[in-house]
Amino acid sequence: MAIPPEALFKEIPELIEIDLGEALAARTEALSTFRELGPPDLCYVVKSSGRTANRDLGSYHYVSGVDASSSASLAAYINSLTYAIEQNSAWFSNTATWKVRNGCYCCFNAFSRVDMRVDVKIPGGVKAYVVDLRGEQHEATPEVWQETYVSALLRAILYSDDPTYTLEAYRKLDPITTAEGELRFLQAAEALFSKGWQVGSDPEIQVATVVSNHLTAGIMKYFGESGRFQQAANMFEKLAVHEPEVSSLLARSYIGMNEEVKAVQIMGNYIKQTPQSYTLLHAQCDFLRSKGKHDWAVKLARQAVNCAPSEFVTWEKLTDLYIDLGQYESALLTLNSCPMFTFNGRDAHRTLPVAKIHLPFHRPIGEILPERIKTEDDEADPALQRLPAPGLRGTWARAYALLTRLVSQIGWDELLKTRSCVFVMEEEYRMQKAQSDFGGGASANANANPNSNAKNVGGKVNGSGQVIHEDGTVIEDDRASTRGIMEAPSPEPQPEGSAIPTIKISSHDRSASSVSAIKDSGPAKEERIA
């Protein structure tokens, strides 16, 4: 199907669907698969030319950063798209004029696990409703709108620079542009702080808590990257009165403000109330590491592991400190003990086949960019492309980073020596077990004949009472049959005149081996035999 250029947006990416409405239907079907924050917002519009010869076009794109606090703000975004269609300036042109006829904005509420949708008809009215995981519609309430607003902001903040999250036709806008918007975000986050664990956490955190979740991560990232911790500290001070665990976030905020004395006082006071909080212990660890007190920090890291042994971050912190102290064997052993979790990536939409992908660039920028010429520097070595690091995610990527840091400090050869001191590899274990099994059989034969020496054990006996050893030596011994190795009888009898000795199986060896097996089975069995 040919898509006329005049039906496309000028500077907004979009995907033209094959069947009208399939993008909305696919999102409704995928609602039950969204686990945490959900995917970016979906903006769907229908374009019409007003002519019967041209059928309507369904267009959609993904967007983050739009104010989702009310139906009016979402409807205003759809209305702004009506001015983004390429207009033909020639009044005498016979080409059709395309316009946005209607649209639907979808924004996932990560707290209540529902999809907030706003239908806009141009001209016409606006309808806001909620779609649950079963596809049923419900009325939108002010509480649901507040949760939707915070969910949209968290996605815009956390998804903005995630290198592993890529989407076609993904439009990113600034989520907060004014001081009033920042204040409104803090007020909404404070109201929903106790529900923060419901939106999930980073893949390195196994269990989301009131201080380890996407809401706290979004707050710390937004104010931390701008170096303005004062606003966050004011909010955490109010929350710490009812939630002592928030003291770890409050202490980190004060450290970011260079108020270290006040941060130490907060950590000292609240550690008495919540001595089992690993987040507060980690805040103390980071502060001590910044002051060069690694030996003190490692004690707190051990305590954090005892408080949360199932969390990866506690073991990771302890491994990092062991590397700082040069205790590489302990670091390797701790790294091997880290609990690893299955990586669950960001929620995303299901990829649909489309009729056209329209990805325009900003023209003033595109005109000044030079043409890119591919050189030899752009080609990577095939050996480097096979390295596993680029494909690792979550806890696996973090553990690999610790291992590479260890290698960079001590070198590969020293790492192998350290590994051999700490671990027994599977091949080494098999070889050791095979040697121990061979030694166990030899000791059993030696017990059967105490007059024999270790050198004679393991020989083969021929019919004339000669012991044939592995090195080829032959020794006369009347009682050599008691030291023979049990083997299967020869399938064919040897001729009488043959020089090849015949291997005999001694019944004494069977009894000796049985006694040795009973001894190896444990003291309880020995008492029964006795």
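Structure first, text after, so check above.
Residues numbered from 1 in each chain as written. Predicted model: local features only at pLDDT ≥ 70, side-chain atom pairs only at ≥ 80, totals over all residues. Heavy atoms only, no water.

### Some remarks on the overall build of the protein chain
Thinking step 1. If you tally the helices and strands in the protein chain, you get 19 helices and 12 strands.
Thinking step 2. Residue burial in the protein chain is summarised as follows: out of 530 residues, 40% are buried.
Thinking step 3. Across the protein chain, every contact between residues at least 6 apart in sequence was considered, and the portion connecting residues at least 24 apart equals 65%.
Thinking step 4. Looking at the protein chain as shown, the accessible area adds up to about 29,500 Å², and 53% of this sits on carbon and sulfur atoms. (Helix = DSSP H or I, 4+ residues; strand = E, 2+ residues; numbered from the N terminus. Buried < 20%, exposed > 50% of the residue type's maximum accessible area, 1.4 Å probe, protein only. Contact = heavy atoms within 4.5 Å. Areas by Shrake-Rupley, 256 points an atom, 1.4 Å probe, with all protein chains shown as cover.)

### Overview of the nonpolar core
Thinking step 1. Judged by nonpolar contacts, the single largest core of 65 residues is most densely connected at Tyr60, Val150, Phe185, Phe193, Ile219, Phe236 and Val246.
Thinking step 2. Here Phe236 is in contact with Phe193, Ile219, Met220, Val246, Leu249, Leu250 and Ser253, once residues within four sequence places are set aside.
Thinking step 3. Formed by 32 residues, the second largest nonpolar core is a distinct cluster that contains Leu8, Ile16, Ala84 and Ala140. (Core = buried A, V, L, I, M, F, W, Y, C linked by side-chain atoms within 4.5 Å.)

### Re the pattern of salt bridges
Thinking step 1. Within the structure shown, the criterion is met by 21 salt bridges.
Thinking step 2. Taking the shortest distance from any N to any O, the salt bridge between Arg398 and Glu204 comes out at 3.4 Å. Pair noted here: Arg398 is in helix H15 (residues 395–410) and Glu204 is in the loop between helix H4 (179–191) and helix H5 (214–225), with a separation of 194 residues, a long-range link.
Thinking step 3. Here Arg398 falls in the partly exposed class, since its relative accessible area comes to 30%.
Thinking step 4. Sharing partners across several salt bridges, the network here consists of Arg289, Asp320, Asp324 and Arg405. (Salt bridge = Lys/Arg side-chain N within 4 Å of Asp/Glu carboxyl O.)

### What about unusual backbone geometry?
Thinking step 1. The residue after Ile122, namely Pro123, is reached through a cis peptide bond having omega -10 degrees.
Thinking step 2. Tracing the backbone through its elements, the reader meets Pro123 in the loop between strand S5 (114–121) and strand S6 (126–131).
Thinking step 3. Positive phi is not limited to glycine here, since Ala169 has a value of about 60 degrees.
Thinking step 4. Residue placement: Ala169 occurs in the loop between helix H3 (142–158) and strand S8 (170–172).
Thinking step 5. Phi is positive for Asn258, close to 65 degrees, though the residue is something other than glycine.
Thinking step 6. As for its placement among the helices and strands, Asn258 is situated in the loop between helix H7 (247–256) and helix H8 (260–273).
Thinking step 7. Among the residues examined, Asn258 registers a relative accessible area of 67% and is labelled exposed.

### Quick notes on the side chain of Ser64
Thinking step 1. Checked against the element boundaries, Ser64 lands in strand S3 (residues 57–64).
Thinking step 2. According to the relative accessible area criterion, Ser64 is buried, its value standing at 5%.
Thinking step 3. One polar contact links Ser64 to Tyr170, side chain to side chain, over a distance of 3.1 Å.
Thinking step 4. If we ignore the near neighbours within four places in the chain, the residues touching Ser64 are Ala156, Tyr170, Arg171, Lys172 and Leu173. (Polar contact = N/O pair within 3.5 Å; in protein donor to acceptor, adjacent residues only side chain to side chain.)

### Side note on H15
One full turn of an α-helix is made of 3.6 residues, so residues set three or four places apart face in the same direction.
Thinking step 1. Given a rise of 1.5 Å per residue, 16 residues ought to cover 22 Å, and the 23 Å separating the end C-alpha atoms of H15 matches this to within 8%.
Thinking step 2. Along H15, the residues that are buried comprise Thr395, Ala399, Leu402, Leu406 and Ile410. Considered in projection along H15, the buried side chains sweep an arc of 55 degrees and stay on one side of the axis.
Thinking step 3. Residues of H15 that are buried sit in contact with helix H11 (312–325), helix H12 (328–336) and helix H16 (412–422). (Expected span 1.5 Å × (residues − 1). Arc of directions from axis to C-beta.)

### Quick notes on the pairing of S6
Thinking step 1. For S5 and S6, the ladder comprises 6 bridges, and the chain directions are antiparallel. When the bridges of S6 are listed, Asp119 appears paired with Lys127.
Thinking step 2. Taking the residues that link successive antiparallel strands as the turn, the S5-S6 hairpin has 4 residues, and the phi of Gly124 there is positive, at about 155 degrees.
Thinking step 3. Sheet analysis places S6 next to strand S7 (residues 137–138), joined by 2 bridges and oriented antiparallel. (Pairing = 2+ DSSP bridges.)

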